[in-house]
Amino acid sequence: MNESMNESMSESMSEPMSEAVSGSVRGTTTSEATGEAPGAQPCAPRAPHESQGWHASLEHQAPHTPPVSAPAPVAESKPAQALRRVTGAALGPYQSAVVRIGFSATWLLFLLRELPHRRELYGPDGPWSWDMAQRLVSGNHAFTALLWTDSTLWFEVVYAVAVLSSALLMLGWRTRTMSVLFMVGVLSLQNRSVFMGDGGDNVIHLMAIYLVLTRCGQVWSLDARRRERAAARAAESGEPVPDRVGIVLWAVLGVALAGVTLLGDAGGGWLLIFWGLWVVQALWWAAGRYAQGDPRALLDVVANLAHNATMVVIMAEVCLIYATAGWYKIQGSRWQDGTALYYPLHLDYFSPWPALSDILGGSGLIVMLLTYGTVAVQVAFPFTLFNRRVKNVLLVAMMLEHAGIALLLGLPFFSLAMIAADAVFLPTGFLRWLGGRVGRLRERLAARVAPQRCADEEQRPRTLVA
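Residues numbered from 1 in each chain as written. Predicted model: local features only at pLDDT ≥ 70, side-chain atom pairs only at ≥ 80, totals over all residues. Heavy atoms only, no water.

Caption draft 1: Structural detail: the overall build of the protein chain. Scanning the protein chain from N- to C-terminus turns up 21 helices and 0 strands. Looking at the protein chain as a whole, 31% of its 466 residues are labelled buried. Of all intrachain contacts in the protein chain linking residues separated by at least 6 positions in sequence, the fraction that spans at least 24 positions is 72%. (Helix = DSSP H or I, 4+ residues; strand = E, 2+ residues; numbered from the N terminus. Buried < 20%, exposed > 50% of the residue type's maximum accessible area, 1.4 Å probe, protein only. Contact = heavy atoms within 4.5 Å.)

Caption draft 2: Focus on the packing of aromatic side chains. This structure, assessed with the given rule, holds 18 aromatic pairs. Seen from their ring centres, Trp107 and Phe110 are 5.6 Å apart, and the 25° between their planes marks the pair as stacked. Within this pair, Trp107 and its partner Phe110 are both found in helix 5 (residues 93-113), separated by 3 residues, close to a single helical turn. Residue Trp107 shares its accessibility class with Phe110, and that shared class is buried. Aromatic ring contacts, followed pair by pair, group Phe143, Trp148, Trp154, Trp270 and Phe274 into a single cluster. Above the plane of the ring of Trp173 lies Arg174, whose end atom (NZ or CZ) is 5.7 Å from the centre. (Phe/Tyr/Trp six-rings, centres within 6.5 Å; stacked < 30°, edge-to-face > 60°. Lys NZ or Arg CZ within 6 Å of the ring centre and 35° of its normal.)

Caption draft 3: Local environment of the packing of helix 5 against helix 20 (residues 412-422). Where helix 5 contacts helix 20, the axes come no closer than 8 Å and their chain directions differ by 170°. When the axis of helix 5 is compared with that of helix 20, the two are roughly antiparallel. In this structure, helix 5 contributes Val99, Gly102, Phe103, Thr106, Leu109, Phe110 and Arg113 to the contact, and helix 20 contributes Phe413, Leu416, Ala417, Ala420 and Ala421. Among the residues making up the contact of helix 5 with helix 20, the classes are represented as 9 nonpolar, 2 polar and 1 charged. (Axes fitted to C-alpha atoms, helices over the stretch in contact; angles between N-to-C directions. Parallel < 35°, antiparallel > 145°, perpendicular 65-115°, else oblique. Nonpolar A, V, L, I, M, F, W, Y, C, P; charged D, E, K, R; others polar.)

Caption draft 4: Quick peek at the confidence of the model for the protein chain. Looking at the protein chain as a whole, the pLDDT averages 83, with 81% of positions reaching at least 70. Taken as a whole, residues 1-63 scores under 50 in pLDDT and shows 18 contacts with residues more than four places along the chain or in a different chain. (pLDDT = per-residue confidence, 0-100.)

Caption draft 5: Structural detail: a positive patch on the surface. A contiguous patch of positive charge on the surface is contributed by Arg225, Arg229, Arg233 and Arg442. When residues in the positive patch are grouped by element, the largest group, 3 residues, is from helix 11 (residues 222-237). Judged by its relative accessible area of 52%, Arg233 is exposed. (Patch = residues over 30% accessible without salt bridge, like charges linked within 9 Å, V, L, I, M, F, W, Y side chains within 5 Å. Areas by Shrake-Rupley, 256 points an atom, 1.4 Å probe, with all protein chains shown as cover. Salt bridge = Lys/Arg side-chain N within 4 Å of Asp/Glu carboxyl O. Lys, Arg positive; Asp, Glu negative; His and termini not counted. Charge placed at Lys NZ, Arg CZ, Asp CG, Glu CD.)

Caption draft 6: Representation of the packing of helix 9 (residues 175-192) against helix 10 (residues 199-212). Across the interface, helix 9 lies against helix 10 with an axial gap of 8 Å and an inter-helix angle of 150°. On the basis of the axis angle, helix 9 is roughly antiparallel to helix 10. As for how helix 9 packs across helix 10, the hand of that crossing is left-handed. Within the contact between the two elements, helix 9 uses Ser179, Val180, Phe182, Met183, Val186, Leu187, Gln190 and Asn191 and helix 10 uses Asp201, Ile204, His205, Ala208, Ile209, Leu211 and Val212. (Left-handed = near helix turned anticlockwise from the far one by under 90°.)

Caption draft 7: The arrangement of a nonpolar patch on the surface in detail. A surface patch of nonpolar side chains, about 390 Å² in accessible area, is lined by Leu365, Met368, Leu369 and Tyr372. Exposure remark for Tyr372: the relative accessible area of 38% places this residue in the partly exposed category.

Caption draft 8: Spotlight on the pattern of salt bridges. Applying the stated criterion across every chain, the model contains 9 salt bridges. In this structure, Asp243 engages Arg226 in a salt bridge whose closest nitrogen and oxygen atoms are separated by 4.0 Å. Here Asp243 is found in the loop between helix 11 and helix 12 (244-263), whereas its partner Arg226 is found in helix 11, with 17 residues between them in sequence. Taking relative accessible area as the criterion, Asp243 reaches 24% and is therefore assigned partly exposed. Judged by relative accessible area, which is 31%, Arg226 ranks as partly exposed.

Next comes the structure, spelled out in structure tokens:
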């Protein structure tokens, strides 16, 4: 009896669906039900009381049930769309990659240039002694690993870690870990000698902290290539590829963090931050390895929110830098009369190319145009974000301005830092085009190098051993 009830229910559920089927199927069903051959002319309907009995008469008299239509999709509100967009993906992957590459490369080049003078700048031979730095840090509670001990060997280790982490972050190798080590290196060196930096160092200082909260290794990184290869291997084998290097790196950093905690050299607040990042990294690995459902989705949402919020903070930081610089310039009398740039062009300290500085500084029209143009671009840029075309034009103007500062005033690292900060506003289409051109150039170079290697191997003399 239960089987007959189930069959009747399934037939009644399938009636509305059958109306959407084509006429040929409907004709075939009718012919099979009446016992006629498919394609034959249908017979005239017979009276219910003549041949079909009271069952057919009840079926004939039953009212027709209208087909059940699918519910119409509910229109998603704009706040819901915005929330889904913010939590569903890490926005600006190319912009965050450019910021990562720009700031890590700037800091790396600076450290390499100052390698012969590193001990005078940040080490034990500097004018800002270890005791003076210890007294300052005890008051402002800034983080620096160089004040844990005054050993020269420890200074060399910290400097080497800063160089290595900058290079690996620029390449995008283990970006989550390298971003933390990059922040440690930047804060340790800059907070050790606070009077050795300029405006560019301040920007690097802030961006080193912001990069920890971004997912800046989605594109243009060794991590992205490693994920693609791991996904391809997993698709072939049907099993996830274990990440042994990540586990070893996580364990080594955990041991080092435990040693720092036991020694009690770092402040409690910073230790809490570092342990929190270490635990989050473990949760991320565990969720990706053993829980691919809701736990991993929740971590993705939190990471996307942190990334997107940090990108907004970076953009607001850049706008604030230009707005404050422009409005302060307006208040100066030399900027008002259009002669402000004349004076730095005639300072020996800011004249790496004296002949070029004399040519520009000798023309009053050029000095006036550069002075007023600098103020106009800096004041107007935050207001041009609502117009994409005007924003892109001013963005190019600001990058050229910083390139001129690097060339004329001899401030290359300040200019590189500001250009890297400006890159957060570059359009995605341009960045993808640029990445494609670089990729094709790399393929051409690889194609040229490969035949040369083959030719060298063929010309190599053969021996009995090889």
